[in-house]
Amino acid sequence: MARKHVIKQTASPMRFLIKLIQILLYIPIQILFIPFAILGFILASYKEMRRSKSLGASFSAIQTLQYRWIMHYFETRPDPISVAFIKKFPCESHFGLWATFGALIISQRVFGLKTRFAKVGEPGEETFVSAVGRRVLLFDEIMKRHVDEVDQIVLPGVGFDLMALQLTKGKDIRVFELDQTNTINVKVETLKRAEINHDWITYIPVDYENESWSDKLLAAGFDKTKKTLFIWESVSLFLDEETVKDSLRKMAEICESECIIAQDFYTRSFVTGEYSKTVKRSSSLIARMGEPWKFGIDLSKDQKLVVEAFLNECGLKTNTYTAFSEKLDIEPFYCIVEAEKQ
């Protein structure tokens with residue numbers, strides 16, 4: 001035991017020294033990147049906020065795609081398709097992202113410098129930032145687990161996420177993606193410009209105010225009798241409670257055979273901005289871009305039972321429940337649930 005204690009004592013100063021050297025090597029690279037970073041930030045911000053607005057594309061969907069790019073370059077999730085997509089995407093700047101994050105990416109790959117961008121939240125100890133990466137990986141796992149046992153996959157409100165392109169290529173399966181008309185049109189046009197094959201996916205633009213997404217799904221060839229997986233990721237946050245319930249009920253009712261619904265929920269305190277100042281700033285930015293957060297579930301106590309009761313109202317039975325929290329003993333701010341038709 002004494003020997004182990006000595007090793008631990010000596011290892012800590014060594015780790016500190018290595019980290020210090022990495023930071024010292026990173027600083028001059030970042031200094032060189034400063035003019036590019038300023039230019040890149042201006043260009044990326046213009047495309048994300050101004051160009052997207054003129055095209056009617058979802059700002060929150062752009063932020064989700066941006067994080068796929070970050071995960072690829074910080075080596076937490078390979079995603080060459082999203083990188084190729086962004087290079088031709090009118091609402092984001094590949095140069096701008098590289099100019100902003102380039103010094104950190106180079107320092108990680110050459111000197112081994114690790115930053116928060118290279119970390120995925122540990123179960124039960126996720127922060128607002130690190131939870132994003134873990135969320136992406138968990139939804140990947142869900143699709144991988146079910147892709148060979150279902151006949152159809154439906155992604156309502158999918159935005160610019162290219163998960164289905166990555167994980168269903170070469171599979172004998174029907175895939176349907178739905179979102180607002182402008183968002184889907186920009187996505188399909190960008191896929192064509194980037195020469196990314198997407199022949200096996202049916203893209204369905206929906207005017208949610210005047211059209212029924214379920215009717216449009218049926219008209220596009222959805223088969224009620226086939227076993228189906230719904231991936232509904234980070235959409236309920238932007239809807240009111242009754243719309244969330246109605247959408248979940250429709251997912252269950254539209255399937256005459258088995259269906260699995262992978263869904264996520266944020267806590268009410270997260271949606272109102274009470275959870276933390278970081279969350280409140282993000283909420284304000286999203287609201288200014290015309291996509292305010294609206295719906296959250298009270299997860300302050302008996303969180304799993306509360307979520308199960310909510311899903312029961314929608315005709316669903318909970319199979320798995322995964323909570324995200326900055327500490328294991330406090331209220332989670334987010335959860336991912338797999339449910340099936342009752």
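Further up the page is the structure itself.
Analysis parameters
Residues numbered from 1 in each chain as written. Predicted model: local features only at pLDDT ≥ 70, side-chain atom pairs only at ≥ 80, totals over all residues. Heavy atoms only, no water. Phe/Tyr/Trp six-rings, centres within 6.5 Å; stacked < 30°, edge-to-face > 60°. Helix = DSSP H or I, 4+ residues; strand = E, 2+ residues; numbered from the N terminus. Buried < 20%, exposed > 50% of the residue type's maximum accessible area, 1.4 Å probe, protein only. Pairing = 2+ DSSP bridges. Axes fitted to C-alpha atoms, helices over the stretch in contact; angles between N-to-C directions. Contact = heavy atoms within 4.5 Å. Core = buried A, V, L, I, M, F, W, Y, C linked by side-chain atoms within 4.5 Å. Arc of directions from axis to C-beta. Disulfide = S-S within 2.5 Å. Salt bridge = Lys/Arg side-chain N within 4 Å of Asp/Glu carboxyl O. Parallel < 35°, antiparallel > 145°, perpendicular 65-115°, else oblique. Left-handed = near helix turned anticlockwise from the far one by under 90°. Nonpolar A, V, L, I, M, F, W, Y, C, P; charged D, E, K, R; others polar.

Colleague: Account for the packing of aromatic side chains, with residues named and values stated.
Modeller: All told, the structure shown has 20 aromatic pairs when counted by the stated rule. Summarising the aromatic geometry, the rings of F33 and F36 are spaced 6.4 Å apart at their centres and angled 65° between planes, so their arrangement reads as edge-to-face. One end of the pair is F33 and the other is F36, both in helix α1 (residues 2-55) and three residues apart, which spans about a single turn. In this structure F36 comes out as partly exposed when scored by relative accessible area, which is 46%. Arranged with centres 6.1 Å apart and planes meeting at 20°, the rings of F270 and F333 form a pair that is stacked. In this pair, F270 is assigned in helix α10 (residues 268-271) and F333 in the loop between β6 (316-324) and β7 (334-341), connecting sequence segments 63 residues apart.

Colleague: I'd like to hear about the sheet that holds strand β4 (residues 228-232), residue by residue, with values.
Modeller: Read across the sheet, seven strands follow the order β3-β2-β1-β4-β5-β7-β6 without closing on themselves; strand pairing throughout is mixed. This sheet does not close on itself; its edge strands, each paired only once, are β3 (201-206) and β6. The mean angle between the axes of side-by-side strands here comes to 15°, regardless of whether they run parallel or antiparallel. Taken together, the three bridges between strand β1 (residues 152-156) and β4 define a ladder with parallel strand orientation. Bridge pairing in β4 places Q152 opposite T228. Where helix α7 (residues 181-193) meets the sheet, it contacts β2 (174-180) and β3, and its direction lies at approximately 125° from that of β2. Across the sheet, helix α9 (residues 241-253) is in contact with β1, β4, β5 (259-266), β6 and β7; its angle to β5 comes to roughly 165°.

Colleague: How would you sum up the nonpolar core? Please name residues and give values.
Modeller: Residues W69, L155, F160 and I231 are the most contacted members of the largest nonpolar core, which totals 71 residues. For this core, the leading source of residues is helix α2 (residues 59-73), giving nine residues. Listed in part, the 32 residues of the second largest apolar core include W213, M251, I254 and C255.

Colleague: Would you mind going over helix α12 (residues 303-313) in detail, with residue names and values included?
Modeller: Listing the buried residues of α12 in full gives V307, F310 and L311. Mapping the buried residues of α12 onto a view down its axis gives an arc of 95°, with all of them on the same face. Packing partners of the buried residues in α12 comprise α9, β5, β6 and β7. One or two residues past the end of α12 sits G315, with phi positive at roughly 80°.

Colleague: Summarise helix α3 (residues 80-87); cite the residues concerned and give the values.
Modeller: Looking only at α3, the buried set comprises S82, V83, F85 and I86. The buried residues of α3 occupy an angular sector of 160° when the element is viewed end-on, so they sit on one face. Seen from the buried face of α3, the exposed residues on the opposite side, beyond 90 degrees, are P80 and K87. Where α3 is buried, its residues touch α2, α4 (94-111) and α7.

Colleague: Can you break down unusual backbone geometry residue by residue, with the values?
Modeller: Unusually for a residue other than glycine, E195 sits at a positive phi of about 55°. Given the relative accessible area of 73%, E195 is considered exposed.

Colleague: Let's hear about the state of the cysteines: which residues, and what values?
Modeller: The tally for this structure, following the rule as stated, stands at zero disulfides. We note that C314 lacks a disulfide partner, and the nearest cysteine sulfur, in C259, lies 12 Å from it. According to the relative accessible area criterion, C314 is buried, its value standing at 3%.

Colleague: Requested: an account of the pattern of salt bridges, with residues and values cited.
Modeller: By the definition in use, this model includes 16 salt bridges. A salt bridge links E233 to R68; the nearest nitrogen and oxygen atoms lie 3.8 Å apart. Of this pair, E233 sits in the loop between β4 and α9 while R68 sits in helix α2, placing them 165 residues apart in sequence. Among the salt bridges present, the one from D140 reaches R77, with a minimum N-O distance of 2.6 Å. Note that D140 is positioned in helix α5 (residues 130-146) and R77 in the loop between α2 and α3, a separation of 63 residues in sequence. Ionic contacts of the salt-bridge type, sharing partners, join the residues R68, R135, D161 and E233 into one network.

Colleague: So what's going on with the packing of α2 against α4? Which residues, and what values?
Modeller: Packing of α2 against α4 brings their axes to within 10 Å, and their N-to-C directions diverge by 25°. If you check the angle between α2 and α4, you find them roughly parallel. Like other packed secondary-structure pairs, α2 and α4 cross with a definite hand, here right-handed. In contact with Q66, W69, I70, H72 and Y73 of α2, α4 contributes H94, L97, W98, F101, I105 and R109.

Colleague: Got a sec to walk through the packing of α2 against α5? Specific residues and values, please.
Modeller: Where α2 contacts α5, the two axes come as close as 11 Å, and the packing angle between them is 90°. Compared by their axis directions, α2 and α5 come out roughly perpendicular. For the pair α2 and α5, the contacting residues are T64, Y67, R68 and M71 in the first and V132, G133, R135, V136 and L137 in the second. Residue composition of the contact of α2 with α5, grouped by class: five nonpolar, two polar and two charged.

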